Amino acid sequence: RGDQLALIWTDMDTDAEQQFTYKELAANGNKLLNFLRKQGVEQGNNLYMLTPIVPETWFATFAGIKGGLVSVPTATSMTEREIQFRFEAYKPDVIIAFEGLTDLVDDALKKADCTPKAKIVLGQKEGWTSYTEIAEENPQAQAAEVGNEDVLFCFFTSGTTGLPKRV
């Protein structure tokens, strides 16, 4: 059903809308996966997503599943200390972040003594790869051999009664 509609995204502030077929969603996810592999990202590596719910979030989720990466969805409302805590508990191999969060992320990376293989920004930021550069990648990608024991997602608890825990 490659030509069927898979994703409808609407900007709640402007009412701008984007639509993607299954084929387009897969092609975008494959482009990201190919880019990440060129950066040395491998199956089992951690992919932090500090993004609002935009189409690129779904492309990254697709790439993570297909590549056998561990996707770590992370709220965009995190403080630097909360991000640092997560990086110390679960080192990032890849970070995809909204432009407005890159300074916080860079500070948290430094304090957590982490150097990810790739930092991708939705927008522009010196020292980061703009997500728009990924458009040139091959829209076909080989799937990882993922088994039923492989972890594909990692979430953190809210930490309401103490520090957050990985789940």
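Bear in mind the structure is a predicted one, so any value in this text is a computation, not a measurement. (Residues numbered from 1 in each chain as written. Predicted model: local features only at pLDDT ≥ 70, side-chain atom pairs only at ≥ 80, totals over all residues. Heavy atoms only, no water.)

### What about the packing of helix H1 (residues 22-38) against helix H2 (residues 55-67)?
Remark: H1 packs on H2, axes separated minimally by 8 Å, with the N-to-C direction vectors making an angle of 65°. Crossing hand, H1 versus H2: right-handed. Side by side, H1 and H2 meet where Leu25, Ala26, Asn28, Gly29, Asn30, Leu32, Leu33 and Arg37 of the first sit next to Phe59, Ala60, Phe62, Ala63, Lys66 and Gly67 of the second. The residue makeup of the contact of H1 with H2, split by class, is eight nonpolar, four polar and two charged. (Axes fitted to C-alpha atoms, helices over the stretch in contact; angles between N-to-C directions. Helix = DSSP H or I, 4+ residues; strand = E, 2+ residues; numbered from the N terminus. Left-handed = near helix turned anticlockwise from the far one by under 90°. Contact = heavy atoms within 4.5 Å. Nonpolar A, V, L, I, M, F, W, Y, C, P; charged D, E, K, R; others polar.)

### Observations concerning the packing of helix H3 (residues 80-89) against helix H4 (residues 102-112)
Two elements in contact, H3 and H4, have axes whose closest approach is 8 Å; the angle formed by their N-to-C orientations is 45°. If you check the angle between H3 and H4, you find them oblique. Every pair of crossing elements has a handedness; the one defined by H3 and H4 is right-handed. Along the contact surface, H3 presents Glu80, Ile83, Gln84, Phe87 and Glu88, while H4 presents Leu104, Val105, Asp107, Ala108, Leu109, Lys111 and Ala112. Among the residues forming the contact of H3 with H4, the class breakdown is seven nonpolar, one polar and four charged. (Parallel < 35°, antiparallel > 145°, perpendicular 65-115°, else oblique.)

### Overview of the layout of surface pockets
Empty space within the largest pocket amounts to approximately 160 Å³. Residue lining of the largest pocket: Met49, Thr51, Pro52, Ile53, Thr57, Trp58, Thr61, Pro73, Thr74, Ala75, Thr76 and Phe153, and that is the complete set. Among the residues making up the lining of the largest pocket, the classes are represented as seven nonpolar, five polar and no charged. (1 Å grid on protein atoms, 1.4 Å probe; cavity = no way out; pocket = protein on both sides within 12 Å on 5 of 7 lines; lining within 4 Å. Points joined across faces, edges and corners; volume = space filled by probe spheres on them.)

### Some words on the sheet that holds strand S5 (residues 94-98)
The strand order across the open sheet formed by five strands is S4-S3-S5-S6-S7, and the pairing between neighbours is parallel. The sheet terminates laterally at strand S4 (70-73) and strand S7 (129-130), the two strands that pair on one side only. (Pairing = 2+ DSSP bridges.)

### Looking at unusual backbone geometry
Backbone geometry places Asp15, a non-glycine residue, at a positive phi of 65°. Tracing the chain through its elements places Asp15 in the loop between strand S1 (5-10) and strand S2 (17-21). Residue class for Asp15 comes out exposed when judged on its relative accessible area of 61%. Even without glycine at this site, Asp113 takes up a positive phi of about 55°. (Buried < 20%, exposed > 50% of the residue type's maximum accessible area, 1.4 Å probe, protein only.)

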